[in-house]
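Now for the letters of each chain:
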Amino acid sequence: MPHASTKDFKPDSPDGSIWQILRDIALSTLVVCAIALITGFLAATSAHAQAPKGELRIGYQKSASLFVLQKAQGSLEKKLQPLGFGVKWVEFPAGPQLLEGLNVGAVDVGYVGEAPPIFAQAAGAKFVYFGHDPAAPRAEAILVTKDSPIRSVADLKGKKVALNKGSNVHYLLVKQLEKNGLKFSDIQPVYLAPADGRAAFESKNVDAWVIWDPFQAAAEKATGARVLADGTPGVVNNYQYYLGERGFVTKHPKVIEALFEDSVAQGIWLKKNLRQAAEQIAPLQGLPIDVVELALQRYEFNVKPITAEVAADQQKIADVFFDLKLIPKAIKVSDAVVVAKP
């Protein structure tokens, strides 16, 4: 058989079909490469979009008006976005449950009053104080009904006084009694949660009720309750505290700084626009606007790092609670404090 040369193959001849096959192979190779490139690009894009970002998990209560406002406005989310952090808001019914959430790692930071962290530390919970709001001594008070014959704290001797056991107001009551020459044993304490306390107060099953805002403001507005005494002058400070998991607070100072900056900015706006802020917060708290506005007037929102002086004030409360046998052991508040550097 004579040897065939490549010139004998023509593209349009049957024997020339090899050229079509080669072209098809080349085209297929280009398509496969293109698909691979596109698939790789889409996979990389998807991986980038789904890449886990940092997340600040905040424990809050509905009574924490500033956090409620920040959550509604999304201001903190915007503040943390440049840091690659998102925000997850986790609601708790009260301070003790929030501290438990912090202890088991369900949240990174939280905001509570003076008493819950003292009980939590005494129970061995792991957390640190890293910030506080200025004193709000008028945001808790001893209330009596508008027609009550009781005119002074000294008149409470032998009377039934409702309060939430182990709360901030427990300390307020102790200090006010002390100021007026009475001991805690001189009254009849009736330990009730806020809702039950108000019911007992309105039905006059107790002679006085010690409570904090916004419950205090609600009772004043709805029933005409009269303030017998509050934390002034210089009786108690009634600080509000920012708490956190120690590792998170120390590892993410920029996140904590952003939280502070946003809280200060929103707090300034709130105090300058009380009515507007109350209108936004009230439906989220399930309270009338005028009640929320009154409560907001009695708080200051200007978070600052913990100082030795503030820690010492918290230690006084812990010592009183230990003396009253409300906590099982004495504690050193300073062990759980991130103190501001000079």
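Criteria and cut-off values
Residues numbered from 1 in each chain as written. Predicted model: local features only at pLDDT ≥ 70, side-chain atom pairs only at ≥ 80, totals over all residues. Heavy atoms only, no water. Helix = DSSP H or I, 4+ residues; strand = E, 2+ residues; numbered from the N terminus. Buried < 20%, exposed > 50% of the residue type's maximum accessible area, 1.4 Å probe, protein only. Contact = heavy atoms within 4.5 Å. Areas by Shrake-Rupley, 256 points an atom, 1.4 Å probe, with all protein chains shown as cover. 1 Å grid on protein atoms, 1.4 Å probe; cavity = no way out; pocket = protein on both sides within 12 Å on 5 of 7 lines; lining within 4 Å. Points joined across faces, edges and corners; volume = space filled by probe spheres on them. Nonpolar A, V, L, I, M, F, W, Y, C, P; charged D, E, K, R; others polar. Polar contact = N/O pair within 3.5 Å; in protein donor to acceptor, adjacent residues only side chain to side chain. Salt bridge = Lys/Arg side-chain N within 4 Å of Asp/Glu carboxyl O. Pairing = 2+ DSSP bridges. Axes fitted to C-alpha atoms, helices over the stretch in contact; angles between N-to-C directions.

(A) Looking closely at the overall build of the chain. A count of helical and extended segments in the chain gives 13 helices and 10 strands. The buried share of the chain, reckoned over its 342 residues, is 45%. Put simply, of all contacts in the chain between residues at least 6 apart along the chain, 77% involve residues at least 24 apart. Per element, the accessible surface of the chain, about 17600 Å² overall, is 58% carbon and sulfur.

(B) View of the layout of surface pockets. Computed from the structure, the largest pocket encloses a volume of approximately 890 Å³. What lines the largest pocket is a set of 42 residues, and nearest its centre among them are Gln61, Ser63, Ala94, Gly95 and Trp212. At the level of elements, helix 4 (95-103), strand 3 (109-112) and helix 5 (115-122) are the ones that each hand at least two residues to the lining of the largest pocket. The class makeup of the residues in the lining of the largest pocket is 21 nonpolar, 15 polar and six charged.

(C) Representation of the side chain of glutamine 240 in the model. Inspection of the secondary structure assignment puts glutamine 240 in strand 10 (residues 240-244). Taking relative accessible area as the criterion, glutamine 240 reaches 10% and is therefore assigned buried. In this structure the side chain of glutamine 240 is engaged in a polar contact, spanning 3.4 Å, whose partner is the side chain of asparagine 238. Not counting chain neighbours up to four residues away, the residues in contact with glutamine 240 comprise Tyr111, Val112, Gly113, Gly131, His132, Asp133, Asn168 and Tyr299.

(D) Structural detail: the pattern of salt bridges. With the rule as written, the count across this model stands at 11 salt bridges. Close ionic contact of arginine 298 with aspartate 213 constitutes a salt bridge, the shortest N to O distance being 2.8 Å. In this pair, arginine 298 sits in the loop between helix 12 (289-297) and helix 13 (308-323) while aspartate 213 sits in the loop between strand 8 (208-212) and helix 8 (215-223), placing the two residues 85 residues apart along the sequence. Summarising the burial analysis for this pair, arginine 298 and aspartate 213 share the class buried. Of the charged contacts, one joins arginine 275 and glutamate 279 as a salt bridge, the two residues approaching to 3.9 Å between their closest N and O atoms. Separated by four residues within a single helix, arginine 275 and glutamate 279 lie in helix 11 (residues 274-285), roughly one turn from each other. When its relative accessible area of 40% is taken as the criterion, arginine 275 is described as partly exposed. Linked through salt bridges whose partners overlap, the residues forming this network are Asp213, Glu220 and Arg298.

(E) Local environment of the sheet that holds strand 6 (residues 160-163). Taken together, the five strands give an open sheet; going across it, the order is 7-6-8-5-9, and neighbouring strands pair in mixed fashion. This sheet does not close on itself; its edge strands, each paired only once, are strand 7 (188-191) and strand 9 (226-230). Adjacent strand axes in the sheet meet at a mean angle of 30° when their direction is disregarded. Note that strand 6 and strand 7 share four bridges and pair parallel. Considered in strand 7, the bridge of lysine 160 is made with glutamine 188. On the sheet, helix 6 (residues 168-179) packs against strand 5 (140-144), strand 6, strand 7, strand 8 and strand 9 and is oriented at approximately 70° with respect to strand 5. Its contacts with the sheet put helix 8 on strand 5, strand 8 and strand 9, and the angle it makes with strand 8 is roughly 130°.

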